[in-house]
Amino acid sequence: MIDEFSTGSTLPATILIIDDQPKNLAVIGDYLMKCGFTILVSQTGTGGLRRARDLKPDLILLDILMPDMDGFETCRRLKADESTKNIPVIFMTALTSVEDKVKGFELGGVDYITKPIQYEEVLARVKTHLQIVNQKKKLRLQASVLRKINIHLKKEIETRKAAERELQSLNEELEYRIKSRTEELSKTAEKLRVANIKLEKANKELLKIDTIKTEFVALASHELRTPLTSILGYAQTLLASYSQMDNSMRADVLSTIVSESKRLSALIGNLLDISKIENRNFNIVIEPFDVGEVIERVINALNLPSGFPLTVHNMVPDKHRVVGNQEKTGQVIRNLLDNALRYVKNEGQITIEIKETDEFIRVGISDTGPGIRPEEQEKIFEKFYRIRDEKNRSFGSGLGLSIASNIIEAQGGRIWVESKYGKGSTFYFTLPKEISYE
Ligand code: ADP
């Protein structure tokens, strides 16, 4: 019985009966108590309100006609109070007018029982409404559970969204890192590739230098041996046949020995220069000097036979002051003149021209020799490069122009050749002009 009417808790349902008639209270109360309900009673509307607020019954049976506060007013107040508004109210009335019943419903009553009371009817209606209350409570409970689940789900969704956002930004960060790392790597790879190319080039250069050095040793020994053999040969002849020779023969032999010795000495000088250049040990002292004077001195030292067609054109009005190294510049001029003389072979003409530009003095040495093919014009400034041509075949070491170009460049100038094959060549070099502060 108790279970059947309980509100879902372990306690039996509590019913508050408000009626001014003690007899009514006793009769209905007893009956319902026997049915297993907990019964609370009140004889006035005011007292009923208080009990309802304090004890929260599950259902209220409310009389309409009461002296102090009638049932309608009591119901109105019950419904106005937050703590009691959900307790279902069943009116008990002797009134039979339809308006009264309607008013009762309007004020929030859930049902009515007419007096005189029929017990079975009371019990049936109480049971029904308690079941409704019970259902409502269950529904409320379910709704609150659902609300909680909903809140929980919303939170869960929020958390997931936040996690997703974090994941997304981590992903982006990762992608960015991968991208920049890849870029870095490809840059490094590119650098490595370039470094590798440089290394390979350097390696080739080294190999080339090695080959050049081997060639150099072979060539140098050969070049040194030729004049030395000749000197030795002549000296031995002189020694062996001294008494059979007359003075002029002896003088001839001696002068050959001297000229071969000079050639040997010049060659050794060239070899020393090139070795200094190779070892980057080629420091020269730079000072102002007059290039015209140096040219004059070199020509004088050549001891040319009188009448040899060598012209010097001077296009610079006064002095030809340049900044450089006098001795080394003299060496270059002598070298260029030697070559020119060697290739014109007494049949042609040599012209020296000195010209002034904004910053430089330019010296040009022209000859009417065999000339140089265009494809060889740059190569002849390379070390050991010799033209293997019948016309201008040289017997030198191929070092002269290479040394000359190093000397000129060390002084801040430039050296080059302009030539027409079969017609002749002009070798030019420039040196920086001395700046006058007048
Ligand atoms: P070398 O000391 O053997 O003469 P150089 O370096 O002075 O070497 O000259 C390199 C090459 O340039 C020579 O083999 C020569 O054939 C060519 N050459 C130099 N000067 C002239 C010139 N004035 N006319 C034609 N060919 C020249």
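Keep in mind that what you see is a predicted model, and the values were worked out from it rather than measured.

Caption draft 1: Here's a closer look at a nonpolar patch on the surface. A surface patch of nonpolar side chains, about 560 Å² in accessible area, is lined by Leu-141, Val-145, Leu-146, Ile-149, Leu-153 and Ile-157. Note on placement: Leu-141 falls in helix α6 (residues 119-241). Note on Leu-141: relative accessible area 58%, which makes it exposed.

Caption draft 2: Local environment of the nonpolar core. If you look at the biggest cluster of nonpolar residues, it comprises 45 residues, and the most contacted ones within it are Ile-333, Leu-337, Ile-350, Ile-365 and Phe-429. For this core, the secondary-structure elements that each account for two or more residues are α7 (247-278), α8 (291-302), α9 (326-344), β9 (350-356), β10 (360-367), α10 (400-410), β11 (415-420) and β12 (424-432). Residue contacts for Ile-350: discarding those within four places in its chain leaves Phe-308, Pro-309, Leu-310, Thr-311, Leu-337, Ala-340, Leu-341, Val-344, Ile-365, Ser-366 and Asp-367. Residues Ala-13, Ile-28, Ile-113 and Leu-123 belong to the second largest nonpolar core, which totals 18 residues.

Caption draft 3: Summary view of the site of the ligand. For the ligand, the set of nearby residues contains 19 residues, the closest of which are Asn-339, Asp-367, Ile-387, Gly-398 and Leu-401. In the environment of the ligand, a nitrogen atom lies 2.9 Å from a nitrogen or oxygen atom belonging to the side chain of Asp-367. Ile-387 places a polar main-chain atom, nitrogen or oxygen, 3.0 Å from an oxygen atom of the ligand. Notes on the ligand: free accessible area 540 Å², of which the protein chains cover 98%. Going through the elements one at a time, α9, α10 and β12 are the ones with two or more residues in the shell around the ligand. No other element matches α9, which puts 3 residues into the shell around the ligand. Of the residues that constitute the shell around the ligand, the class distribution is 8 nonpolar, 8 polar and 3 charged.

Caption draft 4: Representation of the pairing of β9. Pairing of β9 with β10 involves 7 bridges; the strand directions are antiparallel. Looking at β10, one finds that Thr-351 is bridged to Ser-366. The hairpin turn running from β9 into β10, its antiparallel successor, is 3 residues long.

Caption draft 5: Highlighting the packing of aromatic side chains. The tally for this structure, following the rule as stated, stands at 5 aromatic pairs. A centroid spacing of 6.2 Å and a plane angle of 65° characterise the contact between Phe-381 and Phe-427, whose relative ring orientation is edge-to-face. A residue pair is termed long-range when its members are at least 10 positions apart, and Phe-381 in the loop between β10 and α10 and Phe-427 in strand β12 qualify at 46 residues. Pair check on accessibility: Phe-381 and Phe-427 agree, each one buried. When the ring centre of Tyr-242 is taken as reference, the NZ or CZ atom of Arg-250 above it lies at 4.0 Å.

Caption draft 6: Broad picture of the pairing of strand β3 (residues 59-63). With 5 of 5 residues buried, β3 is to be regarded as a mostly interior element. Because side chains alternate across β3, one face comprises the buried residues Leu-59, Leu-61 and Asp-63, and the other comprises Ile-60 and Leu-62, equally buried. Pairing analysis gives 4 bridges linking β3 to strand β4 (residues 89-93), with the strands arranged parallel. Pairing of Asp-63 across the sheet is with Met-92, part of β4.

Thresholds, definitions, all that
- Residues numbered from 1 in each chain as written.
- Predicted model: local features only at pLDDT ≥ 70, side-chain atom pairs only at ≥ 80, totals over all residues.
- Heavy atoms only, no water.
- Patch = residues over 30% accessible without salt bridge, like charges linked within 9 Å, V, L, I, M, F, W, Y side chains within 5 Å.
- Areas by Shrake-Rupley, 256 points an atom, 1.4 Å probe, with all protein chains shown as cover.
- Salt bridge = Lys/Arg side-chain N within 4 Å of Asp/Glu carboxyl O.
- Helix = DSSP H or I, 4+ residues; strand = E, 2+ residues; numbered from the N terminus.
- Buried < 20%, exposed > 50% of the residue type's maximum accessible area, 1.4 Å probe, protein only.
- Core = buried A, V, L, I, M, F, W, Y, C linked by side-chain atoms within 4.5 Å.
- Contact = heavy atoms within 4.5 Å.
- Near = heavy atom within 4 Å.
- Polar contact = N/O pair within 3.5 Å; in protein donor to acceptor, adjacent residues only side chain to side chain.
- Nonpolar A, V, L, I, M, F, W, Y, C, P; charged D, E, K, R; others polar.
- Pairing = 2+ DSSP bridges.
- Phe/Tyr/Trp six-rings, centres within 6.5 Å; stacked < 30°, edge-to-face > 60°.
- Lys NZ or Arg CZ within 6 Å of the ring centre and 35° of its normal.

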